[in-house]
Every structure is written in structure tokens, then in C-alpha cells.
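Chain by chain, the residues:
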Amino acid sequence: MHHVIGTAGHVDHGKTKLIEALTGEDTDRLQEEKDRGISVDLGFAPFKLPSGSIAGVVDVPGHEKFIHNMLAGIAGIDLVILVIDVNEGIMPQTKEHIAIMELLEIKSGIIVLTKVDQAEEEWIELMQEEVRESLSQTFLKDAPLIKTSVVSGKGVSELKELIDDKLQQVPPKDEGGPVRMPIDRAFKISGFGTVVTGTLFSGTIDKGDELEIVPSETKTRARQIQVHGKQVDKGRAGQRLAINIPNVSAENLERGYVLSEPSYFKEVSKCDVRVNMLQDIDWELKNGSPVHLHVGAGETVARIYFYGQKKLQPGESSLAQLRLEKPLAIFRKDRFIIRSYSPVTTIGGGLVLEHDANKKPLSSQKVIDHLLALEKGDPSELVNQVVKTKKIVSLDKIAKETGVLGEDLNSIVKGLSEGQKLVTLGDYVIDFEKIQYLTQQIIESLNEFQKNYPLRPGKPKAEIISFLVKSGMDEKASMILLEQLQKDSKIKVENDHISLPDFKPEPTNEQKQLLKEIEDKYANQGFRPPALEDISNDLKISKDMTRELFEYLVMVGTMIKITDNYYMLAQDVDKAKQLLKDHFSDQDTLSIGEWRDILDTTRKYALPLLEYFDRIKLTRRQEDVRVYLGNNE
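- Taking an unreviewed UniProt entry as the reference, the protein is identified by name as Selenocysteine-specific elongation factor belonging to Natranaerobius thermophilus.
- Checking UniProt for the protein, the heading Function (unreviewed entry) contains the comment "Translation factor necessary for the incorporation of selenocysteine into proteins. It probably replaces EF-Tu for the insertion of selenocysteine directed by the UGA codon. SelB binds GTP and GDP."
- In UniProt, the protein has this text filed under Subcellular location (unreviewed entry): "Cytoplasm".

So, in C-alpha cells, the structure goes:
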């Protein structure tokens, strides 16, 4: 999985220094930032997590004058680090950042008290209580809290581990969706041309893929792709990407433009929305009021018009239409922020219900009912029809054919699944009747296999997966189906074999007699066991049946397979292990000759057994001798 972490907090509370302590990178890239000692624009850094994976970090400015830059960076993050100077506590921009994150429905966060080296322990404990109380009604009410100092290093390692753990709980981004990357930076590199950076919200981008810039509908392609400064052939949803694109001038690109799949997204001048006003503000919006609109990394001025009412008070919610002065790349279910026109402050936000909307009568109950239906958002019949027609179809294909994306699509698929109209398997959706057919085919093939091979633990899993792949599923979906069938007690999966739940390998009376004869032939052979071919000849049975019988004895623990033609009784292998242990009780090495003499056998038998011990990590070959490891005793 690929993740992006974002900072939030008041100006000069130590966000940038904390990121530098975590990543080793100074995200203040502008001279103005270094001169003023505060972040003015977005900063980015790769962060190698303790688990070994790499996340992207977006360091956003805390100063109120640069909240618009903060909004461009905070969209699309998976985990927020709320930074609070322990000496100052929660300040105005801290509160505004929290409000923004709640409006954007960011779910996961960590609270970090910084500069604890500058405060007394009693004050730190007092501030910790105050912060907890202030955040008790927010999404951070149960978030972990870490006390840090970048000077002493206190809490930094603990924070790294906590970030790693929290990111493991974040659901993966939609790699199967349409390509969508809001651009937060565009610049020119001599000899290469235009480079754009951003967080890939959904989809994947391969080197050479055809792409489009929205708005402007300019066609381009991914000439080169970088992730955290390294060239890659594919960019994935959730990653911070830098993409070299031809045929586009950096001067013609603005923050908030979107790099997308061709002909998928379009510029929008009007959109119908659900808007929610913040509670703790002193502001009233009337029909036609101008607001600053922020969607993804984009921003513009828009006028707001309410359906069924003429104004909106603090804490209230309404259906509305936003009419944009400058088109933006907006899509259904995007979340947005609105800020007052002047003076500028965050006053609310909401959800896009219909992008690219037409101008509608504000008092029409029919329009209001239509938008309420969109808000409920359940075009399930459309999705169901695609699945019924194609039988097995990827979520990506459904999204492209229906226009239903992300959480909308997941919600619809879940509802149809609960209604037994379809089954989801990884990235695939399968018609309910098709899954019943596949299940029945698997069960019938297992029945047939068990009749033909009663001594085997089951049919090889690879053969079942091969059948499912030929039926239109990929290997991942096939594995998920088998896991589900086992969960439903329709099959039993053990190691690399599959059987019916109540199946247990059981030899016939004739086979039981043959098994006894085999054991008897091995009983007194010790470390000079007969070969498989000798047993086949002595018992006058086929080589295939002989191997079936031996594999059964291995499965029940009576025999151990040393090589394809060399088996030993488990009790004799145990004796050999003890002899080996006795030898190494006063010796450091063992030669093949010594081992042969210890077993009182020949090299023909001694060497394969020693190689078997190498494979199970009991010994290790070191030039011409063995040393003792002692594993798997």
C-alpha cells in the first residue's frame, strides 16, 4: 500500500522541524521560508517507515495567510499529524486546521506535542489534559498523543513506529479507478521540459500512458515517472508522483489542474452540493454570496445559491448550487471547503452531489427531491445490469461503464452482495448465479478426484486455480473465492491441497494390507532402506500405486521422504537425528565418511540423509563437512 502523511497546526509550532527529524529532509524549499522561519508553501519529503515501506509527507503552512496552500496539500492524505507547541497549546490556526480536516472527513490522526524540552513536566501534563479536552468532540478524540522534542530526540522513534502502525490500518487507495492526480506543483527542468507533482488519488499510471490535463483538455503522456526521487515504470494510487509530460508548458498550468485519464473528467462551472456550515462562526450566507471554493488542490471564487431557502446560518446544512468563476476539475462525491470572501476564514464545506450541473429553479421540489435521491446515491440497478451481462467483471470496468466511482461503487456492490445478486472477490464482481455454477463445478471435481485417489489429501490447489482462471478470474480472485468457500464449510484447504470438508484419506482393505507389508519390509532395514522400485517389484504393484501408498505413509507420519526414490521410517530418522546430536556433543564438524561409519551404512544412503538434514536446517554444509544447527529437532 502507498500512503501520504500530512501535517496540521498553528504557525511556528514545529511542523517542519518535526518532519525533518522524522525524514531527514528540510521541506522549506523557498528562500522566503528560510528567511522568515515559517512555511509559506507546501513542502514534501519521502519518509522511510520502520517496516521498510516509504510514505510521502506533505508539510503544510500554518500561518493564516497561507491556509489556501494548506488546503491544496491536505487533500488526499491518509494520516494527519496535528502538531501543537506544548508551550502555547491549541491556537487559532490549529482550530481552523481541525475544522478543515473534519469537513474533508479525514479519519486517522496522531496528536504531537512539540518542544517538550522547553517546558516543565507539570506544565506538559496540564497541557496534555487541556489538548484532550479541546479535541474531545473531534475526530481526534481517541487519537494517540506523543510528546516530542527535536532537540533531544524524545518521542521521535516512538512517533515513527506509531505512524507505521496507523498506516497499516488505512484502507488502500483505489488503484482500479480512473487516473486522477490533482497538480500541486508545475515547473520546467532544462533538457526535460515540464514536470508536474501531486498525489495520485486513484488509478495507476504507466510510463508512456496517454493522459489529459483538466481543465484545458490538453493531451499529453507520462514520459517519465518518479516516486520520491527515483525513476519508476508505474505510479500507483496513494503515491506522491513527479511526472515529466511533453506538449505542455509549465506556465500554462495552475495548482488544482488535474492530470487524468483521457476523456474521463471534465472542467466544471456549476455543481450541486450538500453544504454544511461550521457551528462556531459568526457568519451568514445568503443566495448569491461569493465564497472561496477549495476542491482537491484547486481553488476559485464561486457564488452559492440554496435550494428551498434563501440563507444559511452557522451550524445549518442545505442543498445548494455552486457557480464557479473559473472552471475546476470536479467529480461527484468530491469533498470541498468554502471560506468567506472577505475577511477570509473557513466557514464550511460539504459534498458534491452532481458535477457539471445545469442551472435549476431553486424552489423546485422536484429538483430538491432529485438531489436528495442523488445524496442517497444508489444507482444499484445500473451496476447490477453490468454484472448480469458480463458475469465476471472488474470494479474498474464497472466504474468506467457506469460512472459510479470509489465509495459510491463500493456501497452499491456491498448492497447487491447482501441481496445475493452478486459476489465480490478482490477487485472482481461476479454474478451470483455464476459463482454458484463455479462452486458446483469445484465440488463435483473434488468428488471425482477423491473417488479416484482416496489416499491423497485432496486435489492440488493449483489445478483448481487453473480452472477458475480459465473461467475468467485472475489468480488473486481465485484465492479469495477458495478462502470464502472454506469459510462457508464447502471445501477444506490444507497446505497445497483442497478436499471436501468431511473427506479423510482412507485406504481400502487391500491397500491396508499393502501398507502393512511396506512397513514390515522397512522395519528391520534401519539405515539401508529398500528403493521404491524394489518395493513395487516385490509387491507386484504399479509404480504409480507404490508412490500413492508411500505418499500416504508420509502424510500420516509413518514415513519421511528423503529423495524421490528414498524413503525412511520416521522412527529411523529420529534415531539418525539422535546419533547426529550425540556426535556433535563433543565434535564441531562431521564428514560424510564419519556419518557413514556412525550409521554403519554406505555412502549411497548416508549422503542423501545428510542432505535432507541440510534442507530442514538441522545441519549446514561448510566446504566438505557439516556443522550442527540444531533446528527442527
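**Some remarks on the sheet that holds strand β16 (residues 240-245)**
Stage number 1. Reading across from one edge, β8-β9-β16-β13-β14 is the order of the five strands in this open sheet, with antiparallel pairing throughout. The open sheet has two edge strands with one neighbour each: β8 (185-189) and β14 (230-232). This sheet shows a mean twist of 30 degrees between the axes of neighbouring strands, independent of strand direction.
Stage number 2. Taken together, the six bridges between strand β9 (residues 193-199) and β16 define a ladder with antiparallel strand orientation. Across the sheet, residue Gly198 finds its bridge partner in β16, namely Leu241.

**Some words on the pattern of salt bridges**
Stage number 1. Under the defined criterion, the tally for this structure stands at 23 salt bridges.
Stage number 2. Taking the shortest distance from any N to any O, the salt bridge between Arg240 and Asp184 comes out at 2.7 Å. With Arg240 in strand β16 and Asp184 in the loop between β7 (180-182) and β8, the pair connects residues that are 56 residues apart, well separated along the chain.
Stage number 3. Notably, a salt bridge pairs Asp614 with Arg626, separated by 2.6 Å at the nearest N-O pair.

**Some points on the pairing of strand β23 (residues 317-329)**
On any regular strand, side chains alternate: one points to one face of the sheet, the next to the other face.
Stage number 1. Bridge count between strand β18 (residues 267-277) and β23: nine bridges; the pairing is antiparallel. Its bridge partner being in β23, Val273 is matched across the sheet by Ala320.

**A closer look at the nonpolar core**
For soluble globular proteins, nonpolar side chains are generally found buried alongside one another.
Stage number 1. Ranked by size, the top nonpolar core spans 52 residues in total, and within it Val131, Val275, Leu285, Leu322 and Phe336 carry the most contacts.
Stage number 2. Summarising the domain contributions, this core has at least three residues from each of domain 1 (3-169) and domain 3 (268-368).
Stage number 3. Residues Met568, Ala576, Leu609 and Phe613 belong to the second largest nonpolar core, which totals 22 residues.

**Some remarks on the packing of aromatic side chains**
Stage number 1. Going through the model one piece at a time under the given rule, you end up with eight aromatic pairs.
Stage number 2. Ring geometry for Phe265 against Phe331: centres 5.1 Å apart, planes inclined by 80 degrees, an arrangement best described as edge-to-face. Of this pair, Phe265 sits in the loop between β17 (258-260) and β18 while Phe331 sits in the loop between β23 and β24 (335-340), and the two are 66 residues apart along the sequence.
Stage number 3. For Phe331, a relative accessible area of 8% corresponds to the buried category.
Stage number 4. Seen in terms of ring centroids, Tyr566 and Tyr605 are 5.9 Å apart; in terms of plane orientation they differ by 75 degrees. Their pairing is edge-to-face. Highlighted residues: Tyr566 in strand β33 (residues 566-569) and Tyr605 in helix α19 (residues 603-615), separated in sequence by 39 residues. Each member of the pair, Tyr566 as well as Tyr605, carries the same accessibility label: buried.

**Comments concerning the packing of helix α12 (residues 461-470) against helix α13 (residues 475-487)**
Stage number 1. Following both chains from N to C, one finds α12 and α13 inclined at 120 degrees, their axes separated by 9 Å at the closest point. Classified by the interaxial angle, the pair formed by α12 and α13 is oblique. Note on packing geometry: the crossing formed by α12 with α13 is right-handed. Of α13, the residues touching α12 (which contributes Lys461, Ile464, Ile465, Leu468 and Val469) are Glu475, Ser478, Met479, Leu481 and Leu482.
Stage number 2. Classifying every residue of the contact of α12 with α13 gives seven nonpolar, one polar and two charged.

**Here's the deal with unusual backbone geometry**
A negative phi angle characterises most non-glycine residues, just as the trans form characterises most peptide bonds.
Stage number 1. In this structure, Pro215 follows Val214 across a cis peptide bond, with omega equal to -5 degrees.
Stage number 2. Structurally, Pro215 is set in the loop between β11 (210-214) and β12 (218-221).
Stage number 3. Here the amide bond leading from Ser342 into Pro343 is cis, since omega sits at -10 degrees, within 30 degrees of zero.
Stage number 4. In this structure, Pro343 sits in the loop between β24 and β25 (346-354).
Stage number 5. Although it is not a glycine, Glu105 adopts a positive phi angle of roughly 60 degrees.
Stage number 6. Along the chain, Glu105 turns up in the loop between α4 (92-103) and β5 (109-114).
Stage number 7. Positive phi, normally seen in glycine, also occurs at Ser489, with a value near 60 degrees.
Stage number 8. Mapped onto the secondary structure, Ser489 falls in the loop between α13 and β30 (492-494).
Stage number 9. By relative accessible area, Ser489 is classed as exposed at 53%.

**Here we look at the sheet that holds β30**
Stage number 1. The strand order across the open sheet built from three strands is β29-β31-β30, with neighbouring strands paired in antiparallel fashion. Whereas interior strands pair on both sides, the edge strands pair on one side only; in this sheet they are β29 (459-460) and β30.
Stage number 2. As paired strands, β30 and strand β31 (residues 497-499) are joined by three bridges and run antiparallel to one another. The residue of β31 that forms the bridge with Glu494 is His497.

**Observations regarding helix α1 (residues 15-23)**
Stage number 1. Within α1 the residues assigned to the buried category are Lys15, Thr16, Leu18, Ile19, Leu22 and Thr23. Summarising the axial view, the buried residues of α1 lie within an arc of 160 degrees, below the 170-degree limit, and thus occupy one face.
Stage number 2. Of the residues trailing α1, Gly24 is marked for its positive phi of about 80 degrees.

**A few points about the pairing of β12**
Stage number 1. In this sheet, β12 lies alongside β11 in antiparallel orientation, the contact comprising four bridges. Paired with Ile213 across the two strands is Thr218, which belongs to β12.
Stage number 2. Hairpin remark: β11 followed by β12, antiparallel, with three residues in the connecting loop; positive phi at Ser216, about 115 degrees.

**Description of the environment of Tyr567**
Stage number 1. Relative to the assigned elements, Tyr567 resides in strand β33.
Stage number 2. The exposure class assigned to Tyr567 is buried, which follows from its relative accessible area of 0%.
Stage number 3. When sequence neighbours within four positions are dropped, the list of residues in contact with Tyr567 reads Tyr522, Pro529, Leu532, Arg547, Phe550, Glu551, Val554, Met559, Ile560, Lys561 and Ile562.

**Observations concerning the confidence of the model for the protein**
Stage number 1. Mean pLDDT for the protein: 85, with 92% of residues reaching 70 or above.
Stage number 2. Across residues 28-42, confidence stays below pLDDT 50; counting only partners more than four residues off in sequence or on other chains, it has 43 contacts.
Stage number 3. Within the model, pLDDT remains below 50 along residues 62-66, and this stretch shows 16 contacts once partners closer than five positions in the same chain are excluded.

Rules used in this analysis
- As a convention, each chain's residues are numbered from 1 in the sequence order in which they are written.
- It should be noted that, the model being predicted, local features are given only for residues of pLDDT at least 70 and side-chain atom pairs only at 80 or more, the latter also being counted only at that level, while totals for whole chains, interfaces and linings use all residues.
- With hydrogens and water set aside, each side-chain value is computed from the structure's full complement of heavy atoms.
- UniProt positions are given in the numbering used here, feature names are shortened, and annotations may be inferred rather than shown by experiment.
- Strands are treated as partners if at least two bridges between them are detected by DSSP.
- Each helix is a run of DSSP H or I of at least 4 residues and each strand a run of E of at least 2, with the numbering of both proceeding from the N terminus.
- Orientation is described by axes fitted as lines to C-alpha atoms, over the contacting stretch for helices, and by angles from 0 to 180 degrees between their N-to-C directions.
- Take a side-chain nitrogen of Lys or Arg and a carboxyl oxygen of Asp or Glu: if they are within 4 Å of each other, that pair is a salt bridge.
- Only buried residues count toward a nonpolar core, which is a set of Ala, Val, Leu, Ile, Met, Phe, Trp, Tyr and Cys residues joined through side-chain atoms within 4.5 Å.
- Buried residues are those whose accessible area, probed at 1.4 Å on protein chains only, stays under 20% of the maximum for their type, while exposed residues exceed 50% and partly exposed ones sit between those limits.
- Delimitation of the domains relies on an automatic or database domain assignment.
- Note on aromatic contacts: the rings of Phe and Tyr and the six-membered ring of Trp form a pair at centre separations within 6.5 Å, being stacked when their planes are under 30 degrees apart, edge-to-face when over 60 apart, and tilted otherwise.
- Roughly parallel here means an angle under 35 degrees, roughly antiparallel means over 145, roughly perpendicular means 65 to 115, and every remaining angle is called oblique.
- Left-handed describes a crossing whose near helix is turned anticlockwise from the far helix by less than a right angle; the clockwise case is right-handed.
- The contact rule is simple, with two residues in contact once any of their heavy atoms fall within 4.5 Å.
- Note on residue classes: Ala, Val, Leu, Ile, Met, Phe, Trp, Tyr, Cys and Pro are nonpolar, Asp, Glu, Lys and Arg are charged, and everything else, Gly too, is polar.
- Taken from the helix axis, the directions to the C-beta atoms give the arc we talk about.
- Scored from 0 to 100, pLDDT records how confident the predictor is in each individual residue.

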